[in-house]
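One-letter residues, chain by chain:
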Amino acid sequence: MSTVNFGSRELYLKVVYYGPGLCGKTTNLHYLYSKWPKNERGNMVSLATETERTLFFDFLPLSLGEIRGFKTKFGLYTVPGQVFYDATRKLVLRNADGVIFVADSQAERMDANLESLDNLSDHLAESKLALDKMPFVLQYNKRDLPSALPVSELSAALNPRKVPEFEAVAPTGAGVLETLKAAVRLVFNDQKNKK
Amino acid sequence: MAQQMVMYDQEFQQISAVCDRLAREASAKVVFLVDKNGQLIATHGGENLDTTSLASLTAGNIAATGGIAKLIDEKEFSQIFHEGQRDNVHINIVGGRVILVVIFDNRSSLGLVRLRVKKASEELSKIFDLLLKKADQPGAAESPFAEISDEDIDKLFTD
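I will try to describe carefully the structure that is included in this document. What you see as residue numbers is a count from 1 along each chain, following the sequence as written. Following the order in which they are written, the chains are lettered starting with A and the ligands numbered starting with 1. Whole-chain, interface and lining totals are the exception, using all residues; otherwise, since this is a predicted model, local features are given only for residues with pLDDT of at least 70 and side-chain atom pairs are given and counted only at 80 or more. Water and hydrogen atoms were dropped before computing side-chain values, which therefore reflect all heavy atoms in the structure.

Looking now at the side chain of Asp104(A). Residues and elements named next belong to chain A. Comment: elements are numbered from the N terminus, with helices defined as DSSP H or I runs of at least four residues and strands as E runs of at least two. Relative to the elements of secondary structure, Asp 104 occurs in strand β6 (residues 98-104). Under the scheme applied here, a residue whose accessible area is under 20% of the maximum for its type counts as buried, over 50% as exposed, and between as partly exposed, the area being computed with a 1.4 Å probe on protein chains only. Taking relative accessible area as the criterion, Asp 104 reaches 2% and is therefore assigned buried. Identification of polar contacts relies on pairs of N or O atoms within 3.5 Å, with a donor-acceptor requirement for protein atoms, meaning one able to donate a hydrogen and the other able to accept it, and with residues adjacent in sequence counted only if both atoms are side-chain atoms. Side chain to side chain, Asp 104 and Gln 106 meet in a polar contact 3.1 Å long. At 3.3 Å, the side chain of Asp 104 and the side chain of Lys 142 are in polar contact. Asp 104 has contacts with Leu 22, Cys 23, Arg 109, Asn 113, Asn 141, Lys 142 and Leu 154, leaving out every residue within four places of it along the chain. The contact criterion used throughout is that any non-hydrogen atoms of two residues lie within 4.5 Å.

See below:
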C-alpha cells in the first residue's frame, strides 16, 4: 500500500524480495546497503536466527531522490525463504506494491524455485491480488556457480509472462541494482494507473 | 490491488498536534504513529532513535500479533505492552488502520498511558475517517504519482 503524504511531501512504497531459501534475497539487500549513500538510507534491520537465516524479515529503507517536489522512499523487505515459515511470509507480503522474485540458478534448486513461485501466487490470491497484475521482476541469481542452468531454461520455466528478468551474482552486486531499477519503474507506472 | 493512503497537510497537522498533546498528557518520552505498512506518519520526540526501523518493526509486531489472533479465532489484539527495565512500550491499533506507539519510563505509568491513549485514539480515528472521505471526494488533490514520467524515474537513478 503506497502512501502519499502531502504534509511531509513524501511518497512511500513497499517492495518485497521473494524466493526459495538461500537464493540470495538478504544478500541483495546487504549489497544495496553497502553501496547506497549513507544519508540516503536507514539502518538495515534483520530478524534472523542464530545461524543468520531470515526468521521474519529483513528491512532496508532507501531514499531515491525527489520527484515533483516529493521525496521518494522505498521500504525493501525480504521474506524468510524456508518452507516452514509460510505464515510469516504471508505477513511480509501484505500491502506490497511490487515483488522481486529471486530465483536460484542452480539446477538442483529448480524445484524449490517453482514451489516458491507457486507459494507467492497462492499468497497473493488469498489477498485477492493476482501475480500477473502485480509489478513483478525476476532475478536469476548465482550465475557464477558451475551448476547454473542456462537463462533460457530458467526463463521458460519461471517466466511465462515475460516480465523483466535479470542475471545476477548478488555478493558482487552484479545485476542487483538493475533488478531494483526495473522494479521501481514498474511500481511507479502501476501507481500512475491508480487513484 | 493494494490501496493508496493519502495524507493531506491539514490532517497531517491535526495528527501531529494529537501526538504532541498525548506525549505531554501521558508524560511520555516518544509518541509515534505508523501505518500498517510500516511507514512513519507522525512523531513526537525520539530525535535520537531510529524511528524508521522502529516503525517497520512495530508494523511487523502488529502483523505477527494479528496472525496469532487469527489462529486462535480472535479478531485482533488491539493493545500490546512491552515492559522493560527502564523504558516501556505501549502499542495500540487505531481504527483498525494505523498503529499508535507510546514509549514511556517511570515518570509515567501504564494506567495513565492507557487513559490518554484511549482519548487520543478516538480523536485520531475521527481524523482518519475524514481523511478517507476526503480522498474519495471529487476534486481531491491530484496524486503526484499521476504526474510521474519515465524521465523522472530515470533521473532517480542518475542523480
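All names here are of chain A. Lines fitted to the C-alpha atoms define the axes, with helices restricted to the stretch that makes contact. Angles between their N-to-C directions range from 0 to 180 degrees. Where helix α3 (residues 110-126) contacts helix α4 (residues 151-158), the axes come no closer than 11 Å and their chain directions differ by 30°. Taken as axis vectors, α3 and α4 run roughly parallel relative to one another. Once α3 is placed against α4, the crossing between them reads as right-handed. Judged by residue contacts, Met 110, Asn 113, Leu 114 and Leu 117 of α3 engage Glu 153, Leu 154, Ala 157 and Leu 158 from α4. Only Asp, Glu, Lys and Arg are considered charged, only Ala, Val, Leu, Ile, Met, Phe, Trp, Tyr, Cys and Pro nonpolar, and every remaining residue, Gly among them, polar. Class assignment for the residues of the contact of α3 with α4 results in six nonpolar, one polar and one charged. Angles below 35 degrees are treated as roughly parallel, those above 145 as roughly antiparallel, those between 65 and 115 as roughly perpendicular, and all remaining angles as oblique. Each crossing is labelled by how the near helix is turned from the far one, with a counterclockwise turn of less than a right angle marking it left-handed and a clockwise turn marking it right-handed.

Here we come to the pattern of salt bridges. Side-chain pairing between opposite charges can occur once the charged atoms of the two side chains come close. When a carboxyl oxygen of Asp or Glu is within 4 Å of a side-chain nitrogen of Lys or Arg, the pair counts as a salt bridge. This structure, assessed with the given rule, holds 19 salt bridges over all chains. Salt-bridge contacts for Glu126(A) lead to Lys90(A); the nearest nitrogen and oxygen are separated by 3.0 Å. Of this pair, Glu126(A) sits in helix α3 while Lys90(A) sits in helix α2 (residues 86-93), and the two are 36 residues apart along the sequence. Across the pair Asp105(B) and Arg107(B) runs a salt bridge whose closest N-O atoms are separated by 2.7 Å. You can call Asp105(B) buried: its relative accessible area is 10%. Through salt bridges with shared partners, a single ionic network connects Glu10(A), Lys71(A) and Lys73(A).

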